Amino acid sequence: MKILFLLFFLALNLFSQNEFSVFEEPNKLRNLSEEEQKIYKNIAPSDEQGDFESNIENPFIPQSSLVLSIQDYPSRVYVGEVFCIKVYAKTTEETNFDLELNLTKNDDLEFLTPNPKWKKQENTYETALCFEALSSNANLEQIIVQLTRNKEMFQEAGLWLEPIKFELTPTNKNFSHIVASSLEVKKVKTSFFDDKNVIMMLELSATNANLKSFRMDNVERQGIENYKGDFNSSSAFYYAIFPSFKNNFEFSYFNKESKKLENFNLKLQISDDEISTQSDLNPVNKDFNIYKQYGLWALALLFALIFIFTRSFIVLFLALVCFALSFLVDTSTQNGILKAGSKVKILPTTPSTYFYTANSNEEVEILNQRENYIKILLKNGKIGWVSRENLQKN
């Protein structure tokens, strides 16, 4: 029986060796009859010897790519210096996408543009990411960009970055934590804040700097208000509250162009004029307005007496003008009630610092108003701004 099985296997093997594929060389078809050749010529070719499953394309996999590149990437940066990196995200897709950004960094590196605006040119998205190192241990490792549509991720790409060396700048006891190409003090204003303190306001202008970082280590109450511009060119008001006996203010910043500290020494002199329409701190002097009204009445009377003797109508006209102007001088004092729990700001801006909270309803004097804020004079002599809803008029 084994011999028969062996003979059958050998015969089957010899027969299979004589078989050929009709899709091999055409000359092998000549061994077939004309009728058989017609049948084989109408058979569609196949690739049964290949991996059929691996050749099927998944229509849900995007056949495209997302490539990231950067420009203006520094190798060395000062601690406290603002530096910006241009990021380009190029895709082969024509559809408009939303872009989401993720960074791999540590807490010693502050990200200054958390909501960057992307500009699209053809298939490339472009934006600028700005940073500031808070210490020499700052680290930025990776930038990751995702293309999303209807909150679903379509493509993602990451870019690993070379380490940046963060260098410490020279400092002194008056260092303001500012690194800039230039810093200028436009105006200095000092006013009484209360019976024991004065408030100083500096109008600052800087290039290649983050003025929001301006702070003095030895000042307890301070802040930045009314910031305008960008990191290339910006302006802001810096305020600080000092004891009334302080007569000068010193600070320094690091000039990254000259690579040295620049020092300022400013005199604190009480003045009555306003800094600007954005940061006025002084009340309107009602008593002085009363004296102005009395003076106009006196002039009107004097011109009237002169008219009696000269009968000059020009003198009479001047008398009437002075008399009319006297009633245009604001001598009224308007009071209001500051609601309990209301917080009083230093300036009439949203991010301004609160310096006083009313524990109960308090009577205050209304000095001025601007948009949704009202300037008030408290019973303790302090001046500040409150929201309209926190004040009720008498």
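Just so you know, these numbers come straight off a predicted model, no measurement behind them.

**Describing the pattern of salt bridges**
And step 1. Within this structure, the stated rule accounts for 3 salt bridges.
And step 2. Its salt-bridge partner being Arg76, residue Glu167 comes within 2.4 Å of it at the nearest N-O pair. Within this pair, whereas Glu167 is found in strand β10 (residues 165–167), its partner Arg76 is found in strand β2 (residues 76–78), the two being separated by 91 residues in sequence.
And step 3. Of the charged contacts, one joins Glu81 and Lys256 as a salt bridge, the two residues approaching to 3.0 Å between their closest N and O atoms. Taken together, the residues span a long stretch of sequence, with Glu81 in the loop between β2 and β3 (82–91) and Lys256 in the loop between β16 (248–255) and β17 (260–267) at a distance of 175 residues. With respect to burial, Glu81 and Lys256 carry one shared label: buried.

**Some remarks on the nonpolar core**
And step 1. Phe83, Ala89, Leu109, Phe131 and Phe166 are the most contacted members of the largest nonpolar core, which totals 26 residues.
And step 2. Among the elements of the structure, β1 (66–71), β3, β5 (109–111), β7 (124–133) and β8 (140–149) are those that each provide at least two residues to this core.
And step 3. The contacts of Leu109, once residues within four sequence positions are left out, are Phe83, Phe131, Glu132, Ala133, Ala138, Asn139, Leu140 and Phe166.
And step 4. Grouped together as the second largest cluster of nonpolar side chains are 24 residues, Ala180, Val198, Tyr238 and Phe242 included.

**Some thoughts on the sheet that holds strand β13 (residues 197–207)**
And step 1. On the basis of which strands lie adjacent, the open sheet formed by 4 strands has the order β12-β13-β15-β14 and antiparallel pairing. With one partner strand each, in any of the chains shown, β12 (182–192) and β14 (222–229) form the two edges of the open sheet. The average angle at which neighbouring strand axes cross in this sheet is 20 degrees, direction not considered.
And step 2. Note: β14 against strand β15 (residues 233–243), 6 bridges, orientation antiparallel. Within the sheet, the bridge partner assigned to Glu225 lies in β15 and is Phe237.

**Here's the deal with helix α4 (residues 313–326)**
And step 1. Helix length check: α4, at 14 residues, gives a terminal C-alpha distance of 20 Å against a target of 20 Å (1.5 Å per residue), a fit within 8%.
And step 2. Taken together, the buried positions of α4 are occupied by Val315, Ala319, Cys322 and Ser326. Summarising the axial view, the buried residues of α4 lie within an arc of 65 degrees, below the 170-degree limit, and thus occupy one face. More than 90 degrees from the buried face of α4, the exposed residues found are Phe313, Ile314, Phe317 and Leu320.

**Section: the confidence of the model for the protein**
And step 1. Per-residue confidence for the protein gives a mean pLDDT of 79, with 76% of residues at or over 70.
And step 2. Taking the mean pLDDT of every element in the protein, the minimum, 49, falls on helix α2 (residues 34–41) and the maximum, 97, on strand β11 (residues 175–180).
And step 3. Between residues 18–25, whose pLDDT stays under 50, and residues either more than four places distant or in other chains, the model counts 7 contacts.
And step 4. Taken together, the stretch residues 273–287 has pLDDT below 50 and engages in 42 contacts with residues farther than four places along the chain or on a different chain.

**Thoughts on the pairing of β3**
And step 1. Burial of β3 is extensive: 7 of the 10 residues sit out of reach of the surface.
And step 2. Bridge count between β1 and β3: 6 bridges; the pairing is antiparallel. In the sheet register, Leu68 faces β3, and the bridge partner there is Ala89.
And step 3. By the bridge criterion, 9 bridges tie β3 to β7 in an arrangement that is antiparallel. When the bridges of β7 are listed, Ala89 appears paired with Tyr125.

**Observations concerning the packing of aromatic side chains**
And step 1. If you walk through the whole model with that rule in mind, you get 12 aromatic pairs.
And step 2. A centroid spacing of 5.2 Å and a plane angle of 70 degrees characterise the contact between Phe214 and Phe251, whose relative ring orientation is edge-to-face. Of this pair, Phe214 sits in the loop between β13 and β14 while Phe251 sits in strand β16, placing them 37 residues apart in sequence. Like Phe251, Phe214 is buried.

**Describing a nonpolar patch on the surface**
And step 1. Taken together, Ile314, Phe317, Leu318, Val321 and Leu325 make up a surface patch of nonpolar side chains, about 460 Å² in accessible area.
And step 2. Inspection of the secondary structure puts Leu318 in helix α4.

**Considerations on the sheet that holds β8**
And step 1. Strand order in this open sheet of 3 strands is β4-β8-β9, and the pairing throughout is antiparallel. The open sheet has two edge strands, β4 (98–105) and β9 (152–160), and neither has a second partner. The average undirected angle you get between the axes of adjacent strands in this sheet is 20 degrees.

Here is what the cut-offs are and how they apply
- Residues numbered from 1 in each chain as written.
- Predicted model: local features only at pLDDT ≥ 70, side-chain atom pairs only at ≥ 80, totals over all residues.
- Heavy atoms only, no water.
- Salt bridge = Lys/Arg side-chain N within 4 Å of Asp/Glu carboxyl O.
- Helix = DSSP H or I, 4+ residues; strand = E, 2+ residues; numbered from the N terminus.
- Buried < 20%, exposed > 50% of the residue type's maximum accessible area, 1.4 Å probe, protein only.
- Core = buried A, V, L, I, M, F, W, Y, C linked by side-chain atoms within 4.5 Å.
- Contact = heavy atoms within 4.5 Å.
- Pairing = 2+ DSSP bridges.
- Axes fitted to C-alpha atoms, helices over the stretch in contact; angles between N-to-C directions.
- Expected span 1.5 Å × (residues − 1).
- Arc of directions from axis to C-beta.
- pLDDT = per-residue confidence, 0-100.
- Phe/Tyr/Trp six-rings, centres within 6.5 Å; stacked < 30°, edge-to-face > 60°.
- Patch = residues over 30% accessible without salt bridge, like charges linked within 9 Å, V, L, I, M, F, W, Y side chains within 5 Å.
- Areas by Shrake-Rupley, 256 points an atom, 1.4 Å probe, with all protein chains shown as cover.

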